[in-house]
Amino acid sequence: MSGLPVTAIATPRRGAAGRTGLWRVERPVIDHSRCIKCLLCWLYCPEGAVVRHEDNSVEIDYDYCKGCGICANECPVRAITVVAERE
Amino acid sequence: MVTIKELTREEYWLPGNSSCPGCPAALGLRMLGKALEGKFVLVVPASCTTVIQGIYPATPSRVPLLNIAFAASASAASGLRAALRIRGLKVPVVVWAGDGGTADIGLQALSGAAERNEDILYICYDNEAYQNTGIQRSGATPYGAWTTTTPLGKREHKKDVPMIVAAHGVPYVATASIAYPLDFVEKVRKAASKSGFRYIHLHAPCPVGWRFPPSKTVEVGRLAVETGMWILYEIEDGVLRLTGRSRVLLDPSKRKPIEEYLRAQGRFSHLDERDVEELKRYVEARWRELKKLLEERGGCLR
């Protein structure tokens, strides 16, 4: 058990609950040709799984996206569609 | 006004945590982290957020976080603040508690800390029931709502905690909604810039307990505000003013019919006409009170 802190203090980590993207039954897909970089999907993603790049373009981190679909629901130009997740 | 683009890209509540899909608490914690750019200490009583932290040795929280017993968050935060003061640290101490831990179990400690004007920021994220233990009613559950302990719908109205806190005469009280994150961020920053006891009540629609699809969390939160069921305001030094979307809703004709809010959620699906009328009466009465307060006394509570 070496490497663990002496006290019961947890350390911050992405994926503290594992690869939560595996929970997904539906997958949001961004159509970048329609995206207006308003960042609403980034703002409203409860998971922080919408990655915002320097130039304010966005990308979904499928390792952790749980597929709630809020991004698609809030996108003002319908640039995000939700499709069924496959094996 | 805070804009989306000026919010930091940095995340202080990391992805891959144990929150349910569409969780309003996780969204609120993200926004809190961005509002204060990670420079604060959290105190969390038993709540969904205890679960969202996951299990040792990893946590999604990049800020120091103290887990504490259900009834004790405001007291623990008071002590923590005192200890930090002795060490000469100015870092804000923020309580992040659910509605059960605030309206019911933590109310005594909350009232005590408010009365002593402790230098803490207390945020209640209100998902209107004990969601993580299995959707039991709380004092903050609204009239008519189904929960597992109110199978026919709750018979009592929602406890008005922000006004209870305001009655203590504390420097800052505000309501907010996860559907309006920038308004929330602004209130957190304003609260953090003040000293003494500060309180923010954050409306947080829960897809699991309120029975709506997880994609609708923000939409349901927005409907709560647009129908007047949830009112955005702040009370600075005893003076109330409406904020954001709620500013234009004093005129009843500007408010959407509350049925739009009720229909979006399974927890209200059993309501009959009389229940809907009772909710309408309650909402109208609250707005009338606010209108009177604003028009006759300029928002002065005392």
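Right above here is the structure, for reference.
Residues numbered from 1 in each chain as written. Chains lettered and ligands numbered in written order. Predicted model: local features only at pLDDT ≥ 70, side-chain atom pairs only at ≥ 80, totals over all residues. Heavy atoms only, no water.

### Brief notes about the interface of chain A and chain B
Keep this limit in mind: Any two residues whose heavy atoms approach within 4.5 Å at even a single point are treated as in contact. Buried area: the accessible surface (1.4 Å probe) lost by two parts on joining, summed over both. One speaks of a salt bridge when a side-chain nitrogen belonging to Lys or Arg is within 4 Å of a carboxyl oxygen belonging to Asp or Glu. Nitrogen and oxygen atoms within 3.5 Å of one another constitute a polar contact, given that in protein one can donate a hydrogen and the other can accept it, and given that sequence-neighbouring residues count only through two side-chain atoms. Runs of E in the DSSP output that reach at least two residues are strands. Runs of H or I that reach at least four are helices, and both are numbered from the N terminus.
If you look at the interface, chain A gives 38 residues, while chain B gives 39 residues. Buried surface at the junction of chain A and chain B, summed over both partners, amounts to about 3,200 Å²; 58% is from carbon and sulfur atoms. B:Arg9 is the partner of A:Glu54 in a salt bridge, and the nearest nitrogen-oxygen pair spans 3.3 Å. Taken together, the links from chain A to chain B amount to 24 residue pairs in polar contact (both at pLDDT 80 or more). Mapped onto the side of chain A that touches chain B, the elements with two or more residues apiece are β1 (11-12), α1 (40-44) and α2 (70-74) of chain A.

### A look at helix α11 (residues 273-297) of chain B
All names here are of chain B. Note the following rule: What a helix is expected to span follows from its residue count: subtract one and scale by 1.5 Å. When accessible area is computed with a 1.4 Å probe and restricted to protein chains, residues below 20% of their type maximum are described as buried, those above 50% as exposed, and intermediate ones as partly exposed.
With 25 residues, α11 should reach 36 Å at 1.5 Å per residue; the first-to-last C-alpha distance of 35 Å fits that figure. By the burial criterion, the buried members of α11 are Asp275, Val276, Leu279, Val283, Arg286, Trp287, Leu290 and Leu293. On its buried face, α11 is in contact with α6 (161-166), β8 (233-236), β9 (239-242) and α10 (258-263).

### So, the packing of helix α3 (residues 73-86) of chain B against helix α5 (residues 107-115) of chain B
Residues and elements named next belong to chain B. Short version of the rule: What counts as an axis is a line fitted to C-alpha atoms, over the stretch in contact for a helix, and the angles between N-to-C directions run from 0 to 180 degrees. Each angle is binned into one of four classes, with values under 35 degrees roughly parallel, values over 145 roughly antiparallel, values of 65 to 115 roughly perpendicular, and all other values oblique. Throughout, the ten residues Ala, Val, Leu, Ile, Met, Phe, Trp, Tyr, Cys and Pro are labelled nonpolar, Asp, Glu, Lys and Arg are labelled charged, and all others, Gly among them, are labelled polar.
At a closest axis distance of 7 Å, the pairing of α3 and α5 adopts a crossing angle of 40 degrees. Classed by the angle they form, the pair α3 and α5 counts as oblique. Along the contact surface, α3 presents Ala74, Ser75 and Ser78, while α5 presents Ala109, Leu110 and Ala113. Residues that form the contact of α3 with α5 fall into these classes: four nonpolar, two polar and no charged.

### Quick notes on unusual backbone geometry
B:Pro57 follows B:Tyr56 through a cis peptide bond whose omega is 10 degrees. With respect to the helices, strands and loops of the structure, B:Pro57 is situated in the loop between α2 (48-52) and β2 (58-59).

### What to know about the sheet that holds strand β7 (residues 198-203) of chain B
All names here are of chain B. Selection criterion: A pair of strands is considered paired only if DSSP assigns at least 2 bridges between the two.
Strand order in the open sheet made by the eight strands is β3-β1-β4-β5-β7-β6-β8-β9, with mixed pairing throughout. The sheet is open, and its two borders are formed by β3 (65-68) and β9, each paired with just one other strand. When strand polarity is set aside, the average angle formed by the axes of neighbouring strands in this sheet is 20 degrees. Of the strand pairs in this sheet, β8 and β9 are connected by four bridges, and their pairing is antiparallel.

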